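Secondary and tertiary structure notes
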Amino acid sequence: MSSLFVSMTGASELVKKQAAHTNNLANVSTTAFKFDMPETHSMPVYQEDTLPTRVYTGTKRMGADFSSGTFISTGNELDVAIVGDGFLAVQGSDGQEAYTRRGDLKVSSQGFLINGSEHLVLGNGGPIAVPPADMISIGQDGVVSFVPQGASSGTYIVLDKIKLVKAPLEGLQKNTEGLFQLVAGSAGVEEDPALHLETGVVEGSNVNPITELLGLINTARQYELNVQMMKKHEENDEASARIMQMK
Amino acid sequence: MHPALWISKTGLDAQQMNVQVTSNNLANVETVAFKKGRAIFDDLLYQKVRQAGAENGNNAELPSGLMLGTGVRVAGTEKNFQQGNPNRTDNPNHIAINGRGFFQVLRSDGTTAYTRDGEFSISSTGALTTNEGLLLQPSITIPPSSTNLSIGHDGTVSINLAGSVAPTQVGSIQLVDFINYSGLEPIGDNLYIETAASGAAQSVKPAQNGAGELLQGYLESSNVNVVEELINLIQGQRAYEINARSVETADKMLQFITQML
């Protein structure tokens, strides 16, 4: 009974879609989280000389919504948020360059500038190592400067400039760490001098709880429809079995 | 089972901790030199459900992969070391640090802890101690029957000995500074200890090299902003409810399928 399997793929893909909505809702407070947009598509599997009835459901690669989250003032001078459509370049755990808008920066115990998800922030010369300093400051243009330890105050030395880039949004995909990476074949990133940082603020999550709750309800209802269909297939099966018995 | 159940569980856990951190901030709204905490949220690893370009049989090729998120976690709580207001108390034993720096105190186990709480008292032996009786380091001893305890902006402690007109210097208060305040570990009693993340304590003189000056007769108030915390509390509660709703929906889906089929 192929139709039973068609309904089954519908229901099982909707469970994945539901997981995506739930994940968005779970990350309603995650700094600079970009919500995923689960989409389903049809996967027709036709054989020659048969009726085109088998159209399975597949869940597409989820695109993320790149709209900016609300800026939340923290007063922490190392917290930065990007004004404009840009990204901070960070180093993922795999050593590859990846992009994020998460800018709750701090200095790691090894003396590198990292963000809240503990990824190394990249400057023009790779990861930014901060020497022992009395003060660290990040300018609006992303320039990191510091006052060396024990120096008379006021003499800031420029360390590096945080790599602020504009990336082709359609070419970005979340990796397993939730960082954005360029998919193969997409245009490269370019540094944009128009991008600037707001300091003392972090970007909140861009999840809209109302939309996600609606998505949750909608998905649950669609799932019930598919389960109802499976029930109908079962009833049809029983009916055909009874016909056999009458014979 | 339904993955959404576990994802919403991580959301509930994280929001519960968020409310816990906020409640702790609100409980310490009157604690001297308390520094507010903030829960840091981090999305969990994404699960690669399908690789893009995989063959799907019958010449159907998956046009794109699928990455499913698995929830959220609280990556840590970060203290915000913003300066609290110096409040005048007129008690000569009270000292506020206006700017960067920490007092050093000797813990009972012989290690050093750091605090910005300058609510000092004088022990029976004349030493400056914290409320818990921990000695200020380097220790300052006030001779008996002396008057006019005076602490300068630079930490110089002087007194007038009985019968003497000129002040006598009995020591000076030293501060320490850290490269990364957020790395300090709070241990309660308004004390912090250093960790690998905070970096080693660097000895500094008050009002020099970027260190704060000392204000005698003042106490640094808690830097908790009540309005901000109440908003956090509301947000945390609503986010908790939304995640509970996800649990309910996932549960209903499971219930529906068990009843229907």
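Residues numbered from 1 in each chain as written. Chains lettered and ligands numbered in written order. Predicted model: local features only at pLDDT ≥ 70, side-chain atom pairs only at ≥ 80, totals over all residues. Heavy atoms only, no water.

Take the overall build of chain A next. Helix and strand counts for chain A come out as two helices and 21 strands. Taken over the C-alpha trace, chain A has a radius of gyration of 25 Å; the compact-globule value for 247 residues is 18 Å, which it surpasses by more than 25%. In chain A, 61% of the contacts between residues at least 6 apart in sequence involve partners at least 24 apart. As displayed, chain A offers around 11,300 Å² of accessible surface, 55% of which is attributable to carbon and sulfur atoms. Computed over 18 positive and 29 negative side-chain charges, the inter-centroid distance for chain A is 10 Å. (Helix = DSSP H or I, 4+ residues; strand = E, 2+ residues; numbered from the N terminus. Rg over C-alpha atoms; globule rule 2.2 N^0.38 Å. Contact = heavy atoms within 4.5 Å. Areas by Shrake-Rupley, 256 points an atom, 1.4 Å probe, with all protein chains shown as cover. Lys, Arg positive; Asp, Glu negative; His and termini not counted. Charge placed at Lys NZ, Arg CZ, Asp CG, Glu CD.)

All names here are of chain B. Domain boundaries assigned for chain B yield domain 1 (3-52 + 63-80 + 224-260) and domain 2 (86-220). Taken together, the contact pairs six residues of domain 1 with nine residues of domain 2. Its salt-bridge partner being Glu220, residue Lys35 comes within 2.4 Å of it at the nearest N-O pair. If you look at where domain 1 meets domain 2, you find three residue pairs in polar contact (both at pLDDT 80 or more). Taken together, the residues of the side of domain 1 that touches domain 2 sort by class into two nonpolar, one polar and three charged. (Domains from an automatic or database assignment. Salt bridge = Lys/Arg side-chain N within 4 Å of Asp/Glu carboxyl O. Polar contact = N/O pair within 3.5 Å; in protein donor to acceptor, adjacent residues only side chain to side chain. Nonpolar A, V, L, I, M, F, W, Y, C, P; charged D, E, K, R; others polar.)

Further remarks concern the pattern of salt bridges. Summed over all chains, the structure comprises 21 salt bridges over all chains. With a closest N to O distance of 2.5 Å, A:Glu203 and A:Lys34 form a salt bridge. Note that A:Glu203 is positioned in strand 21 (residues 201-203) and A:Lys34 in the loop between helix 1 (2-26) and strand 1 (36-37), a separation of 169 residues in sequence. The pair A:Glu203 / A:Lys34 is uniform in exposure class, with both members buried. Here B:Arg88 ties to B:Asp90 by a salt bridge, and the two come within 2.8 Å at their closest N and O atoms. As far as burial versus exposure is concerned, B:Arg88 and B:Asp90 are alike and both exposed. Each of the salt bridges in this network shares a partner with another, and the network as a whole consists of A:Arg102, A:Asp104, B:Asp42 and B:Arg73. (Buried < 20%, exposed > 50% of the residue type's maximum accessible area, 1.4 Å probe, protein only.)

Bringing the environment of A:Thr211 into the picture now. With respect to the helices and strands, the residue A:Thr211 is situated in helix 2 (residues 209-246). A C-alpha to C-alpha distance of 50 Å links A:Thr211 and A:Thr155, two positions 56 residues apart in sequence.

The next thing to look at is the interface of chain A and chain B. Contacts between chain A and chain B engage 66 residues on the former and 54 residues on the latter. In terms of surface lost to chain B, no three residues of chain A exceed A:Ala26, A:Thr176 and A:Tyr223, which account for 10% of the buried area on that side. B:Asp42 is paired through a salt bridge with A:Arg102; the nearest N and O atoms lie 3.5 Å apart. Those elements giving two or more residues to the side of chain A that touches chain B turn out to be helix 1, strand 2 (40-44), strand 3 (55-59), strand 9 (106-107), strand 13 (133-138), strand 17 (172-174) and helix 2 of chain A. For the side of chain A that touches chain B, the leading source of residues is helix 2 of chain A, giving 12 residues. Considering only residue class, the side of chain A that touches chain B consists of 26 nonpolar, 25 polar and 15 charged. (Buried area = accessible area lost by both parts, 1.4 Å probe.)

Okay, the packing of aromatic side chains next. Taken as a whole and assessed by the stated rule, the structure comprises 11 aromatic pairs over all chains. Summarising the aromatic geometry, the rings of A:Phe66 and A:Phe87 are spaced 5.8 Å apart at their centres and angled 85° between planes, so their arrangement reads as edge-to-face. In this pair, A:Phe66 sits in the loop between strand 4 (63-64) and strand 5 (71-73) while A:Phe87 sits in strand 7 (residues 87-91), placing the two residues 21 residues apart along the sequence. Measuring from centroid to centroid gives 5.0 Å for B:Tyr114 and B:Phe178, while their planes differ by 80°, and the two rings are edge-to-face. Here the residue B:Tyr114 occupies a position in strand 8 (residues 112-115), and B:Phe178 occupies one in the loop between strand 15 (175-177) and strand 16 (185-188), the gap between them amounting to 64 residues. (Phe/Tyr/Trp six-rings, centres within 6.5 Å; stacked < 30°, edge-to-face > 60°.)

Residues and elements named next belong to chain A. Domain annotation of chain A identifies domain 1 (2-65 + 207-246) and domain 2 (71-203). For domain 1 versus domain 2, the separation of C-alpha centres amounts to 39 Å. Counting residues at the interface gives eight residues for domain 1, matched by 10 residues for domain 2. Ranking the residues of domain 1 by area buried against domain 2 places Thr31, Lys34 and Arg61 at the top, with a combined share of 66%. Linking domain 1 to domain 2 there are two salt bridges.

Looking at the largest pocket, its volume works out to about 950 Å³. If you trace the largest pocket, you find 42 residues lining it, with A:Ser29, A:Ile72, B:Arg38, B:Asn232 and B:Gln235 closest to the centre. Among the elements of the structure, strand 5 and strand 21 of chain A together with helix 1 (3-27), strand 1 (37-43), strand 4 (72-79) and helix 2 (226-260) of chain B are those that each provide at least two residues to the lining of the largest pocket. Counting residues per element, the lining of the largest pocket draws most heavily on helix 2 of chain B, which supplies nine residues. By residue class, the composition of the lining of the largest pocket is 12 nonpolar, 21 polar and nine charged. (1 Å grid on protein atoms, 1.4 Å probe; cavity = no way out; pocket = protein on both sides within 12 Å on 5 of 7 lines; lining within 4 Å. Points joined across faces, edges and corners; volume = space filled by probe spheres on them.)

All names here are of chain B. The antiparallel open sheet is built from three strands, whose spatial order is 12-13-14. The open sheet is flanked by strand 12 (147-151) and strand 14 (168-172), the only strands paired with a single partner. Averaged over all pairs of adjacent strands, the angle between their axes in this sheet comes to 20°, without regard to strand direction. Summarising the sheet, strand 13 (residues 156-160) and strand 14 pair through four bridges and their orientation is antiparallel. Looking at strand 14, one finds that Val157 is bridged to Gly171. (Pairing = 2+ DSSP bridges. Axes fitted to C-alpha atoms, helices over the stretch in contact; angles between N-to-C directions.)

Here the focus is unusual backbone geometry. Negative phi characterises most residues that are not glycine, and trans characterises most peptide bonds. Here the bond from B:Gln137 into B:Pro138 is cis, since omega is -15°, no more than 30 degrees from zero. Following the sequence through the fold, B:Pro138 ends up in the loop between strand 11 (135-137) and strand 12. The backbone of A:Glu118 shows a phi angle near 65°, a positive value even though the residue is not glycine. What makes A:Glu118 exposed here is its relative accessible area of 55%.

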